[in-house]
Structure formats: C-alpha cells, structure tokens
Amino acid sequence: MPRLSEVIAALDNLWPAERAESWDAVGTVVGDPDQEVARVLFAVDPVRETVDEAVKLDADLLVTHHPLYLRGTTTVAASTFKGRVVHTLIKNDIALHVAHTNADTADPGVSDALAGALDLRILRPFVPDPSDPAGRRGLGRVCEPDRPLTVRELAARAAERLPATAQGIRVAGDPDAPVRTVAVSGGSGDSLFDHVRAAGVDAFLTADLRHHPVSEARAQSSLALLDAAHWATEWPWCELAAAQLDEISDRHGWDLRVHVSRTVTDPWTAHAASATTTDTSGAPN
C-alpha cells in the first residue's frame, strides 16, 4: 500500500505544479505525507457534497480540479464552509490534492477529455505551451468531428454526452452551419476568443460565456459558439485522471481503488425556458 507522498509524486508527474498559472493554487491542501492510501476519489469541486462522498467511500485521498482556497484565507474555522471542509477532511484522515491549470494544459488534459467525450479527433492545442517542443501541451484543443456535423448536431451531441445540467447547451450562431473543425476548452473560455479566431475553426465549445464577449465575437466572425455548464465541461477529466492513476497503480503494484464522483456540483439547479415567440415588439431596449 503506497504512502500519500508516493501517490502525490505520481500525480505531480502527470500535472507538474510549475505548469500552473501564477495566480493558481494547486498541490496538496490537506494530508500527512506518511499516511497510507488505499482508495482515491476524483471530483471537480472540493465542496461539502464531494467531501461527504469521500467520507462515505472511506477514501484516503480526494483529488479535485478546482482549488479549495484559490485566493487564500486567514481562517479555517469550522464556522465557514471551507473551514468545515478542512475539518471534515482532517477528522476523517482524508488528504486533498488539487490539479487545476496544470491539468488544463497537460497532455492529456482537461480539453483532451472533453474532446474524447464528444468523439472529436484532436489535431493540436490552440494555445500551445511554448515550453513543449512536441507541441502537444497547451490550452484548449483544435479538433475534427468524427463525421460531418452541423452546429445544431454538435450541440445535441454535447447535450447527450456531457453530464446533464440545468443549463444544457446554449448556441450563438447559425444552427445549420456546417462544422468541419471545432475548438474545445473545458471551463471558462471567453478570454480565448482571439486564439480561437486565429485557429480558423467553425465552432468553439466551452463554458461561462458572457454577453458582451459573445456579442463582440459574433460581430467579428461567423464563428459559432456553444456554451455548456462549467462543471460539465471539466467532469470528463475526472474519468481520464482516474484512468491515469489506475495505470500507475497497476504498474507499481499498489492495488489502489480509484473512483470518480458522479455527484453533480454544478451550482445551477433549475432552468425555465422562455416562451416561444417571434414577436419582439414588447422586448426591453
């Protein structure tokens, strides 16, 4: 049975902390390096629901994509919800390790998992990591569909293949336009529009798209935009990461039991569709 320090070393080889963005907070948050690890749970968010799941599973290590303390803190008091997470983890001897932007740019990483979930063939990153001579690491992926698709069909495929959320998939652009190439990026992606336009793709699937950036992007090109829930675009990485750790465990003879949380931690819980109408005379200015 491996010690936590050995498992963390293996995870750091997959997602080196030095490849995280300077503003990010990755690495081990809670855990004794000498504790033994038999069961690992992967999840997107280090929130009460996934921590409670780790407790019920009797996990020794929780690996999440999102940091617990991204902007730092002055307290871990149990009266705060993040402090309660820390207390629960420590009381139950569960370590917490975070791989965030270092997993976004990894090869394979978050966007590879997203492309795989949608049966897209990966061509290259659309924001390459200049430190990678092979040109495989970097933000986002430029892909090709496995067969000819329209924007409408790509949106329907995303709605079917990604975990169900209240939001579903929003589309900006002509639903019947053909999609020969598509860029994907797990998580918030509207800061990447310049790179996506430079890639010359027909569509961009990401999350957290805002009104003004989308309006400006649509005014500048015919690029179709598909907006999925942030959690849903990053959840496929959990399955990829679990498979990677499984392979490492087999290679080292660790016999780890590796699990993926299917608890939906997307914060949006309901969606009410607007009434279908073509009359916009009463619309606000």
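Quick look at the structure, then.

Cut-offs applied
Residues numbered from 1 in each chain as written. Predicted model: local features only at pLDDT ≥ 70, side-chain atom pairs only at ≥ 80, totals over all residues. Heavy atoms only, no water. Core = buried A, V, L, I, M, F, W, Y, C linked by side-chain atoms within 4.5 Å. Buried < 20%, exposed > 50% of the residue type's maximum accessible area, 1.4 Å probe, protein only. Helix = DSSP H or I, 4+ residues; strand = E, 2+ residues; numbered from the N terminus. Contact = heavy atoms within 4.5 Å. Phe/Tyr/Trp six-rings, centres within 6.5 Å; stacked < 30°, edge-to-face > 60°. Salt bridge = Lys/Arg side-chain N within 4 Å of Asp/Glu carboxyl O. Arc of directions from axis to C-beta. Pairing = 2+ DSSP bridges. Axes fitted to C-alpha atoms, helices over the stretch in contact; angles between N-to-C directions. 1 Å grid on protein atoms, 1.4 Å probe; cavity = no way out; pocket = protein on both sides within 12 Å on 5 of 7 lines; lining within 4 Å. Points joined across faces, edges and corners; volume = space filled by probe spheres on them. Parallel < 35°, antiparallel > 145°, perpendicular 65-115°, else oblique. Nonpolar A, V, L, I, M, F, W, Y, C, P; charged D, E, K, R; others polar.

Describing the nonpolar core
Argument step 1. Of all hydrophobic cores here, the largest spans 51 residues; its most connected members are W15, F42, L61 and W237.
Argument step 2. In terms of residue count, helix α9 (residues 230-252) provides more of this core than any other element does, nine residues in total.
Argument step 3. Aside from chain neighbours lying at most four places away, what touches W237 is W15, V63, T64, H65, A99, A103, G109, V110 and A113.
Argument step 4. In terms of nonpolar packing, the next biggest core, distinct from the first, is built from 16 residues, F126, V142, A183 and F193 among them.

What about the packing of aromatic side chains?
Argument step 1. The final tally for this structure, using the stated rule, is four aromatic pairs.
Argument step 2. Chaining the aromatic ring pairs together yields one cluster made of W15, F42 and W237.

Considering the pattern of salt bridges
Argument step 1. Applying the stated criterion to the full structure yields 16 salt bridges.
Argument step 2. Two residues, E49 and R48, come together in a salt bridge whose shortest N-O distance is 3.5 Å.
Argument step 3. Its relative accessible area of 52% is what places R48 among the exposed residues.
Argument step 4. D107 is the partner of R136 in a salt bridge, and the nearest nitrogen-oxygen pair spans 2.8 Å. With a gap of 29 residues between them, R136 in the loop between β6 (127-128) and β7 (138-139) and D107 in the loop between α4 (101-104) and α5 (110-117) connect regions that are remote in the sequence.

Re helix α2 (residues 48-57)
Argument step 1. Buried within α2 we find T50, V51 and A54. Projection of α2 onto a plane perpendicular to its axis shows the buried side chains occupying an angular sector of 100 degrees, all on one side. Exposed residues lying more than 90 degrees from the buried face of α2 are R48 and K56.
Argument step 2. The inward-facing, buried residues of α2 abut β2 (39-43), β3 (61-64) and α3 (81-91).
Argument step 3. Following α2 by one or two positions, D58 has its phi on the positive side, about 60 degrees.

Some remarks on unusual backbone geometry
Argument step 1. With an omega of 0 degrees, the peptide bond between D107 and P108 qualifies as cis.
Argument step 2. Positionally, P108 belongs in the loop between α4 and α5.
Argument step 3. The backbone of D208 sits at a positive phi, close to 60 degrees, despite the residue not being glycine.
Argument step 4. Take D208: it is sitting in the loop between β13 (203-207) and α8 (211-220).
Argument step 5. One non-glycine residue, D255, adopts positive backbone phi at about 60 degrees.
Argument step 6. Within the fold, D255 resides in the loop between α9 and β15 (257-260).

Some thoughts on the sheet that holds β13
Argument step 1. The strand order β5-β8-β12-β13-β14-β10 describes an open sheet built from six strands, whose pairing is mixed. One side of each edge strand has no neighbouring strand; the edge strands of this open sheet are β5 (120-124) and β10 (170-172). On average, each strand axis in the sheet is tilted by 30 degrees relative to the strand beside it, whichever way the strands run.
Argument step 2. Here strand β8 (residues 141-145) pairs with strand β12 (residues 182-188) via three bridges, running antiparallel. The residue bridging V142 from the neighbouring strand is A183, located in β12.
Argument step 3. Of the strands in this sheet, β5, β8, β12 and β13 are in contact with α5, which crosses β12 at around 120 degrees.

Focus: the layout of surface pockets
Argument step 1. The volume enclosed by the largest pocket comes to roughly 610 Å³.
Argument step 2. Lining the largest pocket are 27 residues, and of these W23, H66, L70, H100 and H230 lie nearest its centre.
Argument step 3. Put simply, the parts of the chain that give the lining of the largest pocket at least two residues each are α3, α4, β12 and α9.
Argument step 4. In terms of residues, the lining of the largest pocket owes the most to one element, β12, which gives four residues.

Points about the packing of α5 against α9
When two helices pack together, their arrangement is given by the angle between the helix axes and by the axis-to-axis distance.
Argument step 1. For the pair α5 and α9, the least separation of the axes is 7 Å and the interaxial angle reads 100 degrees. The orientation of α5 relative to α9 falls into the category roughly perpendicular. Contact residues: V110, A113, L114 and A117 in α5; T233, E234, P236, W237 and L240 in α9.
Argument step 2. Residue classes in the contact of α5 with α9 are distributed as seven nonpolar, one polar and one charged.

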